[in-house]
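# Topology and contacts: notes
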Amino acid sequence: MLKVIIDLDAIRHNYLFLRQKSAAELMPVVKADAYGHGLLKVSEALFALGARFFAVGTVDEGVRLKKHLPEAEICSLLGPLSADDFKTLSAFSIIPFVHCWAQLKGLAAILSGARQLEIGIKFDTGMNRLGFKPEVSRQLIEFFRSNQALIPRIMSSHLACADIPAMNDVVRAQLNSFNSACEVFHQAGFKFRRSLANSAALLHHPHTHGDLVRPGIALYGGNPVARTLPQDKNWGLRQAMKVSAPVLSVHNLARGQGISYGLGFVAPRDMSVAIIGCGYADNYSRSLSNRSWMLFEGHRLPILGRVCMQLSAVDVSFVSRIDHGDRVFLLGGEGAGDIDVHELAGWWKTVSYEVLCLLGKNERIFINC
Ligand SMILES: *Cc1c(COP(=O)(O)O)cnc(C)c1O
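All values derive from a computational prediction rather than experimental measurement.

## Looking at the nonpolar core
F144, L150 and L344 are the most contacted members of the largest nonpolar core, which has 115 residues in total. Top element by residues in this core is helix 8 (residues 168-187). It accounts for 7 residues. No fewer than three residues from each of domain 1 (8-220) and domain 2 (241-367) sit in this core. Not counting the four nearest positions on each side in its chain, F144 is found in contact with L104, I119, I121, L150, P152, F185 and F190. Counting 9 residues, the second-largest nonpolar core is a separate cluster that includes I259, F265, V273 and L304.

Written as structure tokens, this is what we have:
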């Protein structure tokens, strides 16, 4: 029922814009099916513009992409998580980001003979999620000296607060910690590339760029600092995803009548309502009940009552003509009033990332391929 329209031109535009913002090479982050936009199509479009490094999440995503674009260099941000992953990584020359000794030792164990594998090292410089502490750099170097089949080619870390201007000192501290870990490797004679910046850091913290920057959300038109710097709206980034749903019925709701489960919305006046084929089974969250809008020909239509499993109701009292067979937009739109992903995320009480990943699980149509 839902149609997700992905505009590849928007993604190309965003990529070219981001490329101008940094002297470092861009490694597009295409994990989680390119934030719901389609791993293969998005990567193919960016490869054609010159992107060579891609960051996927799981090893399986890496294999899908490698089969499609054999010449691309693919990093798996999660690294090997299962016994199969260890073998697959090496067979497909996927570069795993390695965050712990178990992964490192497991990789060394599966490489036999002359076979080598390039890897990325993930340092925990303050986010306290995954990664080696910079203090173990010397032990890591010892390990690589005695396991020469593993080649640390990328040093990486992830910033916890790059999207929060008031926390620039945290960015600075993480950068210092990252640089000190890199320095130990550099002094020991290792050659590698540095990668620290996500979209927010790409746009706001040029000193963190290093050699490879990892933009995700900005490629899809999301603004990583939308919550903290709303005035810094979008840098001209173009939202690549639109989502529409069909109108199933239009009817009157008399003043005093309730609608949907629990009759949670009661009409304050005689109204005209449209029932839309869209609900939480399509990942349009039930938390949007009574607090979201859809769009039809420039009119914002408020949601009335509960969002159901596959249905929602909207107020169409002020629309002159709408009927079964029309489609409304729940994200994006055509022309005036189009629904910005940050706006929908606000109603949903989440961030653009989650909205895109969830809605992107519906059937997709690609335009401007
Ligand atoms: C998801 C992710 C990114 C991209 O972050 P955005 O905020 O979407 O730009 C970069 N690096 C790592 C390690 C990630 O997991």
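From this point, things continue past the structure.
## Concerning the sheet that holds strand 8 (residues 193-195)
The 6 strands are arranged 3-4-5-6-7-8 in an open sheet whose pairing can be described as parallel. Each edge of the open sheet carries a strand with a single partner, namely strand 3 (53-56) and strand 8. The average angle at which neighbouring strand axes cross in this sheet is 30°, direction not considered. Sheet topology places strand 4 (residues 73-76) next to strand 5 (residues 95-98); 2 bridges connect them, and they run parallel. By the bridge assignment for strand 5, S76 is matched with P96. Seen against the sheet, helix 6 (residues 101-110) touches strand 5, strand 6 (117-123) and strand 7 (150-157) and runs at an angle of roughly 145° to strand 5.

## Let's talk about the environment of L331
Take L331: it is sitting in strand 17 (residues 327-331). Along the sequence, L331 and L295 sit 36 residues apart, while their C-alpha atoms lie 8.1 Å from each other. Those residues within four positions of L331 in sequence are excluded, and the remaining contacts are Q239, M241, K242, V243, I339, D340, V341, L344, L356 and L359.

## Notes on the side chain of S157
Following the sequence through the fold, S157 ends up in strand 7. By relative accessible area, which is 2% here, S157 ends up buried. Within the structure, S157 has its side chain in polar contact with the backbone oxygen of F123 (distance 2.8 Å). If sequence neighbours within four positions are ignored, S157 has contacts with F123, T125, Q174, F178, S195, L196 and R214.

## Observations regarding the domain arrangement of the chain
Looking at the assigned domains, one finds that the chain contains domain 1 (8-220) and domain 2 (241-367). For domain 1 versus domain 2, the separation of C-alpha centres amounts to 38 Å. With 10 residues of domain 1 at the contact, the number on the domain 2 side is 9 residues. For the pair domain 1 and domain 2, the number of links is 1 salt bridge. At the surface where domain 1 touches domain 2, the tally comes to 3 residue pairs in polar contact (both at pLDDT 80 or more). The element best represented in the side of domain 1 that touches domain 2 is helix 2 (residues 31-35), accounting for 3 residues. Residues belonging to the side of domain 1 that touches domain 2 are distributed by class as follows: 5 nonpolar, 3 polar and 2 charged.

## Focus: helix 11 (residues 352-359)
For helix 11, every residue scored as buried is listed here: S352, V355, L356 and L359. Seen from one end, helix 11 has its buried residues packed into an arc of 95°, which puts them on one side.

## Concerning empty space enclosed by the protein
In this approach, a probe sized like a water molecule rolls over the atoms, and the result shows the empty space that is left. Counted by the stated rule, this structure contains 1 cavity of 30 Å³ or more. Volume-wise, the largest cavity comes out at about 70 Å³. Surrounding the largest cavity, K122, F123, D124, T125, M127, N128, R129, L130, S157 and H158 form its lining. Per-class residue counts for the lining of the largest cavity are 3 nonpolar, 4 polar and 3 charged.

## Overview of unusual backbone geometry
Positive phi outside glycine occurs at A32, with the angle close to 50°. With respect to the secondary-structure elements, A32 resides in helix 2. We classify A32 as partly exposed; its relative accessible area is 41%. At K349, a position not held by glycine, the phi torsion is positive, near 60°.

Calculation notes
- Residues numbered from 1 in each chain as written.
- Predicted model: local features only at pLDDT ≥ 70, side-chain atom pairs only at ≥ 80, totals over all residues.
- Heavy atoms only, no water.
- Core = buried A, V, L, I, M, F, W, Y, C linked by side-chain atoms within 4.5 Å.
- Buried < 20%, exposed > 50% of the residue type's maximum accessible area, 1.4 Å probe, protein only.
- Helix = DSSP H or I, 4+ residues; strand = E, 2+ residues; numbered from the N terminus.
- Domains from an automatic or database assignment.
- Contact = heavy atoms within 4.5 Å.
- Pairing = 2+ DSSP bridges.
- Axes fitted to C-alpha atoms, helices over the stretch in contact; angles between N-to-C directions.
- Polar contact = N/O pair within 3.5 Å; in protein donor to acceptor, adjacent residues only side chain to side chain.
- Salt bridge = Lys/Arg side-chain N within 4 Å of Asp/Glu carboxyl O.
- Nonpolar A, V, L, I, M, F, W, Y, C, P; charged D, E, K, R; others polar.
- Arc of directions from axis to C-beta.
- 1 Å grid on protein atoms, 1.4 Å probe; cavity = no way out; pocket = protein on both sides within 12 Å on 5 of 7 lines; lining within 4 Å.
- Points joined across faces, edges and corners; volume = space filled by probe spheres on them.

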